[in-house]
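Inside the fold
Listed below are the residues making up each chain.
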Amino acid sequence: MKFARIIFANLLRKKVRLLLTIGSFAVALFLFAFLSVVNDAFQRGSDVAGADRLVIINRTSIINTIPLSYRDKILRIPGVKVITHNNWFGAIYKDEKNFFPQFVIDPENQRQVFTELLVSDDQWNAFLKDRQGAIVGARTAERFGWKVGDRVPLMTTIYGSGTWEFNIDGIYHGKNPLDDETQFWLQWDYFQEHLSDRNKGQVGWYVLRLNSPDDAVGVSKAIDDEFDNSPYETRTETESAFAAGWVKQFGNIKILIISIGSIVFLTLLLVTGNTMAISVRERTPELAVFKAIGYSDRTVLFFVLAESLIIAVIGGALGLLVSIGIVPLIAQKLGGLLPALILSPSTLVLGLILAVFVGIISGVFPGLNAMHMRVVNALRRV
Amino acid sequence: MVKVDGSGTKGLIQVRDLDKTYRRGGEEIDVLQGLNLDVEAGEFVAFMGPSGSGKSTLLNLLGGLDVPTRGSITVAGDEITHMSSGRLTQWRARHVGFIFQMYNLIPVLTAFQNVELPLLLTKLSKAERHAHVAAALGIVGLSDRMHHFPRQLSGGQEQRVTIARAVVSDPTFLLCDEPTGDLDRKSADDVMALIEELVGKYHKTVLMVTHDPLVAARANSILHLDKGVLVEGRPAPHMSSAGGIA
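Residues numbered from 1 in each chain as written. Chains lettered and ligands numbered in written order. Predicted model: local features only at pLDDT ≥ 70, side-chain atom pairs only at ≥ 80, totals over all residues. Heavy atoms only, no water.

What follows deals with the overall build of chain A. A count of helices and strands for chain A gives 14 helices and 13 strands. Relative to the 2.2 N^0.38 estimate, which gives 21 Å for 382 residues, the radius of gyration of chain A is 29 Å and therefore markedly larger than a compact globule would have. With the C-alpha coordinates aligned to their principal axes, the bounding extent of chain A is approximately 95 × 45 × 35 Å. Across the 382 residues in chain A, those meeting the buried criterion constitute 51%. Of all intrachain contacts in chain A linking residues separated by at least 6 positions in sequence, the fraction that spans at least 24 positions is 80%. (Helix = DSSP H or I, 4+ residues; strand = E, 2+ residues; numbered from the N terminus. Rg over C-alpha atoms; globule rule 2.2 N^0.38 Å. Buried < 20%, exposed > 50% of the residue type's maximum accessible area, 1.4 Å probe, protein only. Contact = heavy atoms within 4.5 Å.)

Here you go:
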């Protein structure tokens, strides 16, 4: 490209300004990538939820429990294939910051309902035979360096006080890259042994698998009707609706992130647009010379747009590269506080498209001004 | 011969009944009025006149940088007054070499790269472009400064680079707007000697605006502009004929 030398010479004429503008793009694109990753993490629950799974909680609140005796009644409702139940354990490993979700599970049916979370048969059988056994997700095991055979103490915060000891009998992996690998599963029986009589036989929530996803509405209604006017009324919804409701408890994350992202990009647009406008204004006589000696209006517009685009692409790529390096470190620091922070290729592509868009918009108006300026007037400004 | 009465028939440049009116506020200012001019190939014409007499306006019109209010300009058979902006740009690239008072070099490009600019619009190969640029810089005596940036050159050298840029694409004619206006006498003499060489040795047609009578005296013909009207001046005494150098 024979004009490349002209474009790059112009770009490099004010190096500090160039670096600052590229830096603005880099920071904005890093923020975009990070906010997208956080948003993805919150939205992912509903995205990866099983289409044929329903969650049943106490209508009052998820904190309130439901009797174990409901299980058989629910199983009798047509359309229900298999059911399991969970309780929130909520213990601490050494320090409060070492958060990860722990669930009391029903070993008999857990694997039939959550078919995407895979444990080898050997490890599962060892778990079934071990009252103090635990199955832990691969991410959490990696985070704390746990291996099969390790003994792990957890300090309870909900069920009295004291430390509960567990044997790591197995490590589960998600079938899909986005499956949650942070959970810690413990035995229902071991859990029950430590509870007061008042709390025994109560589950946190049920999760069931349907014969067909098409039955979701009918089965949900049938379950809630079944327990209507009972001391433990239920609310049944699809797993994705449940996950979306869970995310909503944190506030409208998506709107928040879109708002912050929009402000960042609007600011970037103003900064870059202003920089390009100043740059073109400073060079008005030079651009007039180009036009005088035969460079067309379109070529002059191309020079300005190319500069703007190069800044945008370099800055944008830099920001995204930094995010590729830093997001995993942040994810590591956050531990289990948020679901897995994964920077997807689509986020990177979208980020680059946004950078190019801002580059074009910020260059197009100064470029059009340069394109339409009258050579005679511009030359007088020397 | 240069003529200003509209009687010429074989001139390289023919200007007929040229008017240029500017509107400033609510007032109309007639800068050029019914101007006629015939310039033959190889002539070196100087335009003189007081400030605001319309010298630069005439130069801008002849160079296709501005459009007249009325009248016509024909250069080498092309009537440029009715060309679209795009065609006029192409025409300028092919036919006009500009030499400005303030040099107007691109500061971030070397002398070589500045001179190469007009050639980037042609289909010449890189090697051909390099040969042309080297030749142009050789003519102006700056072969040893081709990789210097404008800030590393003196005013006279910068103006010589501008001249090299103006001639590198071998245009039909050169337009010089106060080419020595920003130079000391020695540098001005060097630049004028170079322009004389372009006329005498390379048979270039040069139209020059100047305030300086000594500079104007080096042209074949001097024309005076006063209140928008051209008045024929005498040939410079040391010039024997059009294209000749004393």
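This part is about the interface of chain B and chain A. With 25 residues of chain B at the interface, the matching set in chain A holds 24 residues. Taken together, the two surfaces of chain B and chain A that pack against each other cover about 2,100 Å², and 64% of this comes from carbon and sulfur. Together, Val108, Leu120 and Leu121 of chain B form the three largest contributors to the area buried by chain B at its contact with chain A, with a combined 22%. Seen at the junction of chain B and chain A, the total is two salt bridges. (Buried area = accessible area lost by both parts, 1.4 Å probe. Salt bridge = Lys/Arg side-chain N within 4 Å of Asp/Glu carboxyl O.)

Turning to the pattern of salt bridges, a few remarks are in order. According to the stated counting rule, one finds 31 salt bridges over all chains in the structure shown. One salt bridge connects Asp197 of chain A with Lys200 of chain A, and the closest N-O pair in it is separated by 3.7 Å. With a closest N to O distance of 2.9 Å, Arg16 of chain B and Asp38 of chain B form a salt bridge. You can see Arg16 of chain B sitting in strand β1 (residues 13-24) and its partner Asp38 of chain B sitting in strand β2 (residues 27-39), a full 22 residues away along the chain. Linked through salt bridges whose partners overlap, the residues forming this network are Arg5 of chain A together with Glu116 and Arg129 of chain B.

Moving on, we come to the environment of Ser84 of chain B. All names here are of chain B. Residue placement: Ser84 occurs in the loop between β5 (78-79) and α2 (85-95). Classification of Ser84 by relative accessible area gives partly exposed; the value is 41%. Ser84 sits 55 residues away from Ile29 along the chain, and the two C-alpha atoms are 25 Å apart.

Here the focus is the nonpolar core. Most often, soluble globular proteins have nonpolar side chains that are buried together. In terms of nonpolar packing, the biggest core is built from 91 residues, with Leu37, Phe47 and Leu207 of chain B touching the most fellow members. Tallying contributions element by element places helix α2 (residues 15-48) of chain A first for this core, with twelve residues. Leaving out residues up to four positions away in the same chain, Leu207 of chain B has contacts with Ile13, Val39, Val45, Phe47, Leu59, Leu62, Phe173, Leu174, Leu175 and Cys176 of chain B. (Core = buried A, V, L, I, M, F, W, Y, C linked by side-chain atoms within 4.5 Å.)

The next thing to look at is the sheet that holds β1 of chain B. All names here are of chain B. The four strands are arranged β2-β1-β4-β5 in an open sheet whose pairing can be described as antiparallel. The open sheet has two edge strands, β2 and β5, and neither has a second partner. When β1 meets β2, the two strands line up antiparallel, connected through nine bridges. Bridging across to β2, Thr21 finds its partner in Asp30. This element, helix α1 (residues 55-62), spans β1, β2 and β4 (70-75) of the sheet and lies at about 120° to β1. (Pairing = 2+ DSSP bridges. Axes fitted to C-alpha atoms, helices over the stretch in contact; angles between N-to-C directions.)

To continue, consider α1 of chain B. Residues and elements named next belong to chain B. The element α1 is extensively covered by neighbouring structure, given that seven of its eight residues are classed as buried. If you check which residues of α1 are buried, you get Lys55, Thr57, Leu58, Leu59, Asn60, Leu61 and Leu62. Just downstream of α1, Gly64 is the residue with a positive phi angle, here 70°.

Turning to the sheet that holds strand β8 (residues 205-209) of chain B, a few remarks are in order. All names here are of chain B. One open sheet accounts for six strands, arranged β6-β7-β8-β3-β9-β10; its pairing is mixed. In this open sheet, the two strands that pair with only one neighbour each are β6 (96-99) and β10 (229-232). Each strand of the sheet is rotated relative to its neighbour by a mean of 20°, with strand direction disregarded. Seen against the sheet, α1 touches β3 (44-48), β7 (173-177), β8 and β9 (221-226) and runs at an angle of roughly 155° to β7. Across the sheet, helix α5 (residues 155-167) lies against β6 and β7, angled at about 170° from β6, the strand it touches most.

With that settled, the discussion passes to the side chain of Gln183 of chain A. Residues and elements named next belong to chain A. Along the chain, the position of Gln183 falls in the loop between β9 (163-174) and β10 (184-187). At 3.3 Å, the side chain of Gln183 forms a polar contact with the side chain of Asp180. A polar contact of 2.9 Å, which involves the side chain of Gln183, links it to the side chain of Trp185. Ignoring any residue separated from it by four or fewer positions in sequence, one finds Gln183 in contact with Pro101, Phe103, Leu117, Ile135, Val136, Gly137, Thr140 and Tyr172. (Polar contact = N/O pair within 3.5 Å; in protein donor to acceptor, adjacent residues only side chain to side chain.)

All names here are of chain B. Per-residue confidence for chain B gives a mean pLDDT of 89; residues scoring 70 or more make up 94%. The element-level mean pLDDT for chain B is lowest in β10, coming to 82, with helix α3 (residues 111-116) highest at 97. Low pLDDT (under 50) marks residues 235-246, which in the prediction has 25 contacts with non-local residues, meaning those over four places away or in another chain. Note on the complex model: pTM 0.73, ipTM 0.90. (pLDDT = per-residue confidence, 0-100.)

Turning our eyes to something else, we now look at the side chain of Glu178 of chain B. Residues and elements named next belong to chain B. Looking at where Glu178 falls in the secondary structure, it is placed in the loop between β7 and α6 (185-200). There is no salt bridge for the buried Glu178, and the closest opposite charge comes from Lys55, which lies 5.1 Å off by N-O distance. For Glu178, the side chain forms a polar contact with the side chain of His211, separated by 2.5 Å. Setting aside anything within four residues of it in sequence, one finds Glu178 in contact with Gln101, Val209, Thr210 and His211. (Lys, Arg positive; Asp, Glu negative; His and termini not counted.)

Turning our attention to a nonpolar patch on the surface. Side chains of Leu318, Val322, Ile326 and Leu329 of chain A sit close together on the surface and give an oily, nonpolar patch of about 310 Å² of accessible area. For Val322 of chain A, the location among the structural elements is in helix α12 (residues 297-334). (Patch = residues over 30% accessible without salt bridge, like charges linked within 9 Å, V, L, I, M, F, W, Y side chains within 5 Å. Areas by Shrake-Rupley, 256 points an atom, 1.4 Å probe, with all protein chains shown as cover.)

Once that is clear, we can look at the packing of aromatic side chains. To describe a pair of aromatic rings, one takes the distance between the centres and the angle between the planes. Enumeration over the complete set of coordinates arrives at 33 aromatic pairs over all chains. Ring plane angle 85° and centroid distance 4.9 Å describe the contact between Tyr93 of chain A and Trp146 of chain A, whose orientation is recorded as edge-to-face. Of this pair, Tyr93 of chain A sits in the loop between β4 (91-92) and β5 (102-105) while Trp146 of chain A sits in the loop between α6 (138-144) and β8 (151-156), placing them 53 residues apart in sequence. The class for Tyr93 of chain A is buried, based on a relative accessible area of 9%. Of the residues examined, Trp146 of chain A reaches a relative accessible area of 7% and is grouped as buried. Ring plane angle 5° and centroid distance 5.7 Å describe the contact between Phe98 of chain B and Phe100 of chain B, whose orientation is recorded as stacked. (Phe/Tyr/Trp six-rings, centres within 6.5 Å; stacked < 30°, edge-to-face > 60°.)

Before going further, it helps to spend a moment on the packing of α5 of chain B against α6 of chain B. Residues and elements named next belong to chain B. Two elements in contact, α5 and α6, have axes whose closest approach is 9 Å; the angle formed by their N-to-C orientations is 15°. Comparing their axes, α6 and α5 come out roughly parallel. Seen along the crossing, α5 lies across α6 with a hand that is right-handed. Contacts between α5 and α6 involve Gly156, Gln159, Arg160, Ile163 and Val167 on the former and, on the latter, Ser187, Val191, Leu194, Ile195 and Leu198. The class makeup of the residues in the contact of α5 with α6 is six nonpolar, three polar and one charged. (Parallel < 35°, antiparallel > 145°, perpendicular 65-115°, else oblique. Left-handed = near helix turned anticlockwise from the far one by under 90°. Nonpolar A, V, L, I, M, F, W, Y, C, P; charged D, E, K, R; others polar.)

Another point: helix α8 (residues 216-226) of chain A. An α-helical turn contains 3.6 residues, so a residue and the one three or four places further along point in the same direction. Residues and elements named next belong to chain A. Among the residues of α8, Ala216, Val219, Ser220, Ile223 and Asp224 are the ones counted as buried. Each buried residue of α8 lies within a common arc of 130° when the element is viewed along its axis, so the set occupies one face. For α8, the exposed residues set more than 90 degrees away from the buried face come down to Val217 and Lys221. Looking at the buried residues of α8, the elements they touch are β1 (53-58), α3 (70-75), β3 (80-88), β12 (205-210) and β13 (234-238). (Arc of directions from axis to C-beta.)

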